[in-house]
Amino acid sequence: VFREEAAEAGHLWQRFELEKTIQPLLTYTGDSRVCIAAFRSLSTALRALPPDDRQGGLSEGVLQYVFRFAMEGRRQTWLQVEALGLLGNLSLDALATVLEKRLTRPLAGDDLFVRRRAVALLGETLSLRPDLAALFTLVAADASPFVRQALPEALRHAEAAMVNEWLPRLAAGDESPQVRAAALLAAGDLLERPELFAVARTVVTEALRSETDPFVLRVACRVACQGQERLLVEAGDESAWIWQEAMTPALDALRIRAASL
């Protein structure tokens, strides 16, 4: 069935001749939103193709055009963002090259939006290209908290050893409350992976005991409650009970010592 669906998708791609229709819009020099929409349209259509057929679906000229837009910081910001997303559907090798450049050579101004998108793509790619994990160290030192906030979500598909290393560092060690809060939210999401239960539990309880920022503490309380509800539904009473046994003393201590009602 899968082969039949893949063949049908490829047939539709050839029949619609989307590249022929969209290519002139990629070089449109008027309103940049037209070009952005063209990139987005190509990306959406390519995702419907089997991964092995995506790169072959576009001409070499268009591939080079997409690569150039994703690589060059002088292009309009949102064109770069859409080109990155499109490249992620075309070639992992090309994407890896671009991610390394964009994350190791940050630019001023709106480049932070491009780097944020690059971090999201890094997370989506990690399971296929674990060698890109080295870029985490660079992103963790990025000057923009907005960019660093994307790191916890990028851990979602990382290997357990990497999550065990980075989630506590982001949850307790980053100077930005927003980044620490994002790490706690990610801990709640990572409960979908049983092998990460222990690190998620530790990160949340440590935040409840040691965190001083009111916003981050509110997030920790929310994750503690949502984690309990999630575990009851998805993992059963035993996991939910272990979670509760860890959260209750930490919440009790917070209730007594918190400076803010």
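Details of the structure are given in the entry above.
Everything numeric here is computed off the predicted structure, so don't read it as measured data. (Residues numbered from 1 in each chain as written. Predicted model: local features only at pLDDT ≥ 70, side-chain atom pairs only at ≥ 80, totals over all residues. Heavy atoms only, no water.)

A. Layout of the environment of Arg102. Within the secondary structure, Arg102 is located in helix H7 (residues 92–104). Residue classification places Arg102 among the buried positions, given a relative accessible area of 3%. Distance in space between the C-alpha atoms of Arg102 and Glu72 is 8.8 Å, their sequence separation being 30 residues. Sequence-distant contacts of Arg102, defined by excluding residues within four places in its chain, comprise Ala70, Met71, Glu72, Gly73, Gln80, Leu107, Asp111, Val114 and Arg115. A distance of 2.7 Å separates a polar atom in the side chain of Arg102 from a polar atom in the side chain of Gln80. A distance of 2.7 Å separates polar atoms of two side chains, one belonging to Arg102 and the other to Asp111. (Helix = DSSP H or I, 4+ residues; strand = E, 2+ residues; numbered from the N terminus. Buried < 20%, exposed > 50% of the residue type's maximum accessible area, 1.4 Å probe, protein only. Contact = heavy atoms within 4.5 Å. Polar contact = N/O pair within 3.5 Å; in protein donor to acceptor, adjacent residues only side chain to side chain.)

B. Molecular detail of a nonpolar patch on the surface. Taken together, the side chains of Leu25, Tyr28 and Val34 define a hydrophobic patch exposed on the protein surface, amounting to about 240 Å² of accessible area. Its location among the elements puts Leu25 in helix H2 (residues 18–26). In this structure Leu25 comes out as partly exposed when scored by relative accessible area, which is 37%. (Patch = residues over 30% accessible without salt bridge, like charges linked within 9 Å, V, L, I, M, F, W, Y side chains within 5 Å. Areas by Shrake-Rupley, 256 points an atom, 1.4 Å probe, with all protein chains shown as cover. Salt bridge = Lys/Arg side-chain N within 4 Å of Asp/Glu carboxyl O.)

C. Seen up close, the pattern of salt bridges. What the rule picks out here adds up to 17 salt bridges. Note that Asp31 is salt-bridged to Arg33, the shortest N-O span being 2.7 Å. Exposure remark for Asp31: the relative accessible area of 35% places this residue in the partly exposed category. In this structure Arg33 comes out as exposed when scored by relative accessible area, which is 62%. Linking Arg169 and Glu165 is a salt bridge whose minimum nitrogen-to-oxygen distance equals 3.2 Å. Placement of both Arg169 and Glu165 in helix H12 (residues 160–173) is noted, with a separation of 4 residues, approximately one turn of the helix.

D. Looking closely at the packing of aromatic side chains. All chains considered together, the criterion is met by 4 aromatic pairs. Taken together, the ring pairs connect Trp78, Phe113 and Phe146 into an aromatic cluster. When the ring centre of Phe146 is taken as origin, the NZ or CZ atom of Arg116, which lies over that ring, is 4.5 Å away. (Phe/Tyr/Trp six-rings, centres within 6.5 Å; stacked < 30°, edge-to-face > 60°. Lys NZ or Arg CZ within 6 Å of the ring centre and 35° of its normal.)

E. Highlighting H12. Helix length check: H12 (14 residues) gives 19 Å between terminal C-alpha atoms against 20 Å at 1.5 Å per residue, within 8%. Looking at H12, one finds that the buried residues are Met162, Val163, Trp166, Leu167, Leu170 and Ala171. Against the buried residues of H12 lie helix H9 (135–140), helix H11 (150–154), helix H13 (177–189) and helix H14 (197–210). (Expected span 1.5 Å × (residues − 1).)

F. Region of the structure containing the packing of H14 against helix H16 (residues 237–257). Running from N to C, H14 and H16 point in directions that differ by 10°, and their axes come no closer than 8 Å. Overall, the two elements H14 and H16 adopt an arrangement that is roughly parallel. The residues of H16 that touch H14, namely those facing Phe197, Ala200, Arg201, Val204, Thr205, Leu208, Arg209 and Ser210, are Ser239, Ile242, Trp243, Ala246, Met247, Ala250, Leu251, Leu254 and Arg257. Residue composition of the contact of H14 with H16, grouped by class: 11 nonpolar, 3 polar and 3 charged. (Axes fitted to C-alpha atoms, helices over the stretch in contact; angles between N-to-C directions. Parallel < 35°, antiparallel > 145°, perpendicular 65-115°, else oblique. Nonpolar A, V, L, I, M, F, W, Y, C, P; charged D, E, K, R; others polar.)

The values are spatial; any link to function lies outside them.
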